[in-house]
Amino acid sequence: MTSRYDEIARNLNGVLDQVKSATQSCGRKYEDVTLIAVTKTFPISDVHILASLDVHHYGENRDSDAAPKAEAVPGTWHFQGQIQSNKLKSIASWANVIHSLDELRHIQALDKVAIHRIGVFLQVSLDGAQGRGGAAPADLSELADCVLSSANLDLMGLMAVAPLEITSDQAFEKLATIYAGFKASYPMATSLSAGMSNDFESAISHGATHIRVGSSILGSRPTPQ
Ligand SMILES: *Cc1c(COP(=O)(O)O)cnc(C)c1O
């Protein structure tokens, strides 16, 4: 019988090998890609296993699930779920980085409730905001200016989820173009959060610095989230 530790270790090694070859094939450095293990729906025991395997970036989508895990395991905790105004204060208490900000009012509210510095990715929609969240590219500068004028937030860069209707290469090529324009105006925004289990190699080839990988490491989730 394979233990949960062995299963996670094997999956993780597979993902890290893929990250290595993806960075090599496009002439990027392996160290320039941060792997965020998306632990949503998985128990704290899995997070402990990841920590013992030297993975210290964790991603969560739900405040109520994430708060006790972040309390139990030190690390860099990322929130990438849909933002609800009434949850912002609690999210701000445990999250170090938030990937899914796409509204001015949420950025303003977050800055008010933050009790430590929080890194911010602005989520951009690659398909005109049909369902998977994200601001229109034209609205990014207003959001970025708001982050820059905040007291507690650091602008890290852009985040996107590939739309289902186009290939991941098409999606991330589009994202790379949007990001290049954005970075020209906001040179401090050095990070690009893109790529999940099924498309992180493509995201890496288009410049992703942060990949958010769940099921390839931890297995399939009982309920989609
Ligand atoms: C769940 C989720 C992930 C991880 O998805 P996997 O397919 O399990 O790797 C990444 N990003 C976001 C925004 C998610 O909601």
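Residues numbered from 1 in each chain as written. Predicted model: local features only at pLDDT ≥ 70, side-chain atom pairs only at ≥ 80, totals over all residues. Heavy atoms only, no water.

## Points about the packing of helix α2 (residues 44-52) against helix α3 (residues 63-72)
Put simply, α2 and α3 touch, their axes get as near as 10 Å, and they point 40° apart. The pairing of α2 with α3 is recorded here as oblique in orientation. For the pair α2 and α3, the sense of crossing is right-handed. The segment α2 lies against α3, with Ile44, Val47 and His48 engaging Pro68, Lys69 and Ala72. In terms of residue class, the contact of α2 with α3 is made up of four nonpolar, one polar and one charged. (Axes fitted to C-alpha atoms, helices over the stretch in contact; angles between N-to-C directions. Helix = DSSP H or I, 4+ residues; strand = E, 2+ residues; numbered from the N terminus. Parallel < 35°, antiparallel > 145°, perpendicular 65-115°, else oblique. Left-handed = near helix turned anticlockwise from the far one by under 90°. Contact = heavy atoms within 4.5 Å. Nonpolar A, V, L, I, M, F, W, Y, C, P; charged D, E, K, R; others polar.)

## Notes on the layout of surface pockets
Estimates place the volume of the second largest pocket at around 240 Å³. As for the second largest pocket, its lining consists of Leu12, Leu16, Val19, Tyr30, Val33, Thr34, Leu35, Leu53, Asp54, Val55, His56 and His57. Breaking the lining of the second largest pocket down by element, the ones donating at least two residues are α1 (4-25) and β1 (34-38). If you tally residues by element for the lining of the second largest pocket, the top one is α1, at three residues. Partitioned by chemical class, the residues of the lining of the second largest pocket number eight nonpolar, three polar and one charged. (1 Å grid on protein atoms, 1.4 Å probe; cavity = no way out; pocket = protein on both sides within 12 Å on 5 of 7 lines; lining within 4 Å. Points joined across faces, edges and corners; volume = space filled by probe spheres on them.)

## Remarks on the environment of aspartate 111
Inspection of the secondary structure assignment puts aspartate 111 in helix α5 (residues 104-113). Along the chain, aspartate 111 and serine 52 lie 59 residues apart, while their C-alpha atoms are 33 Å from each other. Aspartate 111 has contacts with Ser150, Ala151, Asn152 and Leu153, leaving out every residue within four places of it along the chain. A polar atom in the side chain of aspartate 111 sits 3.0 Å from the backbone nitrogen of alanine 151. (Polar contact = N/O pair within 3.5 Å; in protein donor to acceptor, adjacent residues only side chain to side chain.)

## Notes on the site of the ligand
The ligand sits among 13 residues. The nearest are Lys40, Ser197, Gly214, Ser215 and Arg221. Contact between the ligand and asparagine 61: an oxygen atom at 2.9 Å from a side-chain N or O atom of the residue. Considered class by class, the residues forming the shell around the ligand number four nonpolar, six polar and three charged. (Near = heavy atom within 4 Å.)

## Concerning the environment of leucine 53
Structurally, leucine 53 can be placed in the loop between α2 and β2 (57-60). It is 13 Å that separates the C-alpha atoms of leucine 53 and glycine 14, two residues lying 39 residues apart in sequence. Contact partners of leucine 53, with chain neighbours within four places excluded, come to Tyr5, Ile8, Ala9 and Leu12.

## Brief notes about α1
Its 22 residues place the ends of α1 32 Å apart at the C-alpha level, agreeing with the 32 Å of an ideal helix rising 1.5 Å per residue. Within α1, burial applies to Ile8, Ala9, Leu12, Val15, Val19, Ala22 and Thr23. Considered in projection along α1, the buried side chains sweep an arc of 155° and stay on one side of the axis. Opposite the buried face of α1, by more than 90 degrees, sit the exposed residues Arg10, Gln24 and Ser25. Structurally, α1 contributes buried residues whose contacts are with β1, α2, α8 (200-205), β8 (210-213) and α9 (215-218). Directly after α1, the chain includes glycine 27, whose backbone phi takes a positive value near 70°. (Expected span 1.5 Å × (residues − 1). Buried < 20%, exposed > 50% of the residue type's maximum accessible area, 1.4 Å probe, protein only. Arc of directions from axis to C-beta.)

## A word on the packing of α5 against helix α6 (residues 140-148)
At their nearest, the axes of α5 and α6 sit 10 Å apart, and the two run at 10° to each other. Judged on the interaxial angle alone, α6 and α5 are roughly parallel. Two secondary-structure elements touch here, α5 through Leu104, Ile107 and Gln108 and α6 through Glu142, Leu143, Cys146 and Val147. A class-by-class count of the residues in the contact of α5 with α6 yields five nonpolar, one polar and one charged.

## Digging into the pattern of salt bridges
One pass over the structure, following the stated rule, counts five salt bridges. In this structure, arginine 105 and glutamate 103 form a salt bridge, with 2.6 Å as the shortest nitrogen-oxygen distance. We classify arginine 105 as partly exposed; its relative accessible area is 47%. Given a relative accessible area of 30%, glutamate 103 falls into the partly exposed group. The partner of aspartate 154 in a salt bridge is arginine 117, with the nearest N and O atoms 2.9 Å apart. Taken together, the residues span a long stretch of sequence, with aspartate 154 in strand β6 (residues 153-159) and arginine 117 in the loop between α5 and β5 (118-123) at a distance of 37 residues. With a relative accessible area of 33%, aspartate 154 lands in the partly exposed category. (Salt bridge = Lys/Arg side-chain N within 4 Å of Asp/Glu carboxyl O.)

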